[in-house]
There are 2 protein chains.
Amino acid sequence: MTGRVTIVGLGPGDPRWLTPAASEALTSATDLIGYGPYVDRIGERPGQRRHGSDNRVELDRARFALDLAEKGARVAVVSGGDPGVFAMAAAVFEAIENGDPAWRELDIRVEPGITAMLAAAARVGAPLGGDFCAMSLSDNLKPWDIVEKRLRAAVEADFAVALYNPISSARPWQLGAALKIVSEIRSQDTPIILARAVGRPDESIRILPLADVEASMADMSTMVIIGASTTRLIERPGNEAPYVYTPRFYGVRP
Amino acid sequence: MTGRVTIVGLGPGDPRWLTPAASEALTSATDLIGYGPYVDRIGERPGQRRHGSDNRVELDRARFALDLAEKGARVAVVSGGDPGVFAMAAAVFEAIENGDPAWRELDIRVEPGITAMLAAAARVGAPLGGDFCAMSLSDNLKPWDIVEKRLRAAVEADFAVALYNPISSARPWQLGAALKIVSEIRSQDTPIILARAVGRPDESIRILPLADVEASMADMSTMVIIGASTTRLIERPGNEAPYVYTPRFYGVRP
């Protein structure tokens, strides 16, 4: 038997966002590997081994998956959202590049998933309806000056921007610094979306003008979306939250 | 009965990428509205009305959907990929903003889907594993100088870039112009992914260095992904295509 590693996107919390292809990959695996809370989202199956681990050991986890596959296992490495977006896929390929040459002969697949920014955007309207960027605010793996330079470039070029990993107890100041950069360039009434735990029972979503946003409103489960200059609110009657969308056209409507 | 419009992401071609939530929205609809080939992907259901239309009439289609919902219909507006990414969601919200105020009282939802860049990325590895931008190369709705400015900013700030709508018979020169801009800034061996019809029977994927890419290699079903400066190939034995990934770390590995 030839081993296999499939890096599977679970999507955001709601199981109704797990694709049939991802479900199949989970069902046919002999071993599930991933950050504990993601593994916990998957129903137990007789005979299937489960290897939950801590959040900060992506590369060890990737090597462990490749080792098991080399011994013949069919491994599913599980990832929240899409595995290719600030998640496990890059860690697995990094492990392959720098690891046992035999790993290059394994059957490696990536099963895409609904990534958090798309789920968050869907909840409020279509804020990513024009050109947009996705950035991780984590400076664990890249220097902060790169983050700053990219964010500034994205905002100056009037992309909407989705910020992953905006804040954590170990990285308390980065989101505040990012919002300050945005404020230097974009109008104070730019719509900002703070979408926490989308698709989970504790989901909460706020839409605020840039002037009113504080870093303390976000936590590590929050997706922050910064509107472009063209991003608009559509007010609704009663107590309904407005819709937020970025028109497809730019400048004068043709 | 209160009408409803759900803008549903079908994902790329493969039905195994259609989420259960999207399936439910399709099943419970009284009316399906969308670009003909997308409507054709959905199995017929007794009593469900199907309204396929041409590709270039998004706003008319959106208004038609809202009109039907106002009369009590449960409408699913279908979109390839994710409806919030260069697709129907922005058109529906644009129609709401500028249309009958009663439309603001309707139940409007967006069901996210796997967007083409994530499916394309998954097929080759993890090229979007670092910060990235998504841009439409279409200048039907925004002036070309905005496209150019954004692309230049994204490449200079070393984002990977996913190009939607790279080329069509009505827009034959834009991709060539875009590649020229990329070539001025990024190295000639930058990996470029041309992923055509991902998830469909006629899927074809090429991975080429920037120097070897010509605009004629793409068509309107092609997703073009431009690697960042850190995007790497992992060569594999035999005739296997290399993996392409962008490491999570930037600069020196911590």
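Cut-offs used in this document
- Residues numbered from 1 in each chain as written.
- Chains lettered and ligands numbered in written order.
- Predicted model: local features only at pLDDT ≥ 70, side-chain atom pairs only at ≥ 80, totals over all residues.
- Heavy atoms only, no water.
- Helix = DSSP H or I, 4+ residues; strand = E, 2+ residues; numbered from the N terminus.
- Buried < 20%, exposed > 50% of the residue type's maximum accessible area, 1.4 Å probe, protein only.
- Lys, Arg positive; Asp, Glu negative; His and termini not counted.
- Salt bridge = Lys/Arg side-chain N within 4 Å of Asp/Glu carboxyl O.
- Contact = heavy atoms within 4.5 Å.
- Expected span 1.5 Å × (residues − 1).
- Arc of directions from axis to C-beta.
- Buried area = accessible area lost by both parts, 1.4 Å probe.
- Polar contact = N/O pair within 3.5 Å; in protein donor to acceptor, adjacent residues only side chain to side chain.
- Nonpolar A, V, L, I, M, F, W, Y, C, P; charged D, E, K, R; others polar.

K.L.:
Help me out: how do you make sense of the side chain of R61 of chain B in this one?
P.N.:
All names here are of chain B. Secondary-structure assignment places R61 in helix α3 (residues 58-70). For the buried R61, no salt bridge exists, and the shortest N-O distance to an oppositely charged side chain is 5.3 Å, to E58. In this view, R61 contacts I33, G34, Y35, S53, D54, N55 and M88; residues no more than four positions away in its chain are not counted.

K.L.:
Is there a simple way to explain the environment of I7 of chain B in this structure?
P.N.:
Residues and elements named next belong to chain B. Structurally, I7 can be placed in strand β1 (residues 4-9). Separated by 166 residues in sequence, I7 and W173 have C-alpha atoms that sit 32 Å apart. Beyond its immediate chain neighbours, meaning those up to four positions away, I7 contacts V77, P83, M88, A89, V92, F93, I108, R109, V110 and E111.

K.L.:
Sorry, what's going on with helix α7 (residues 174-185) of chain B here?
P.N.:
Residues and elements named next belong to chain B. Spanning 12 residues, α7 covers 17 Å between terminal C-alpha atoms, matching the ideal 16 Å at 1.5 Å per step. Those residues of α7 that fall on the buried side of the exposure criterion are Q174, L175, A178, L179, I181 and V182. Along the axis of α7, the buried residues cluster in a sector spanning 155°; they form a single face.

K.L.:
Can you help me understand the interface of chain A and chain B in this one?
P.N.:
A common way to report how large an interface is uses the accessible area buried once the components associate. On the chain B side, the residues contacting the 74 residues of chain A number 74 residues. Buried surface at the junction of chain A and chain B, both sides included, amounts to about 6,400 Å², of which 60% is carbon and sulfur. Taken as a group, L141, R150 and R248 of chain A account for 12% of the area that chain A buries against chain B, more than any other trio of residues on that side. Counting every contact that joins chain A to chain B gives 12 salt bridges. Of the charged contacts in the structure, one is a salt bridge between D131 of chain A and K142 of chain B, with a shortest N-O distance of 2.6 Å. Linking chain A to chain B there are 28 residue pairs in polar contact (both at pLDDT 80 or more). When residues in the side of chain A that touches chain B are grouped by element, the largest group, seven residues, is from helix α4 (residues 88-98) of chain A. Residues of the side of chain A that touches chain B, tallied by class, amount to 44 nonpolar, 10 polar and 20 charged.

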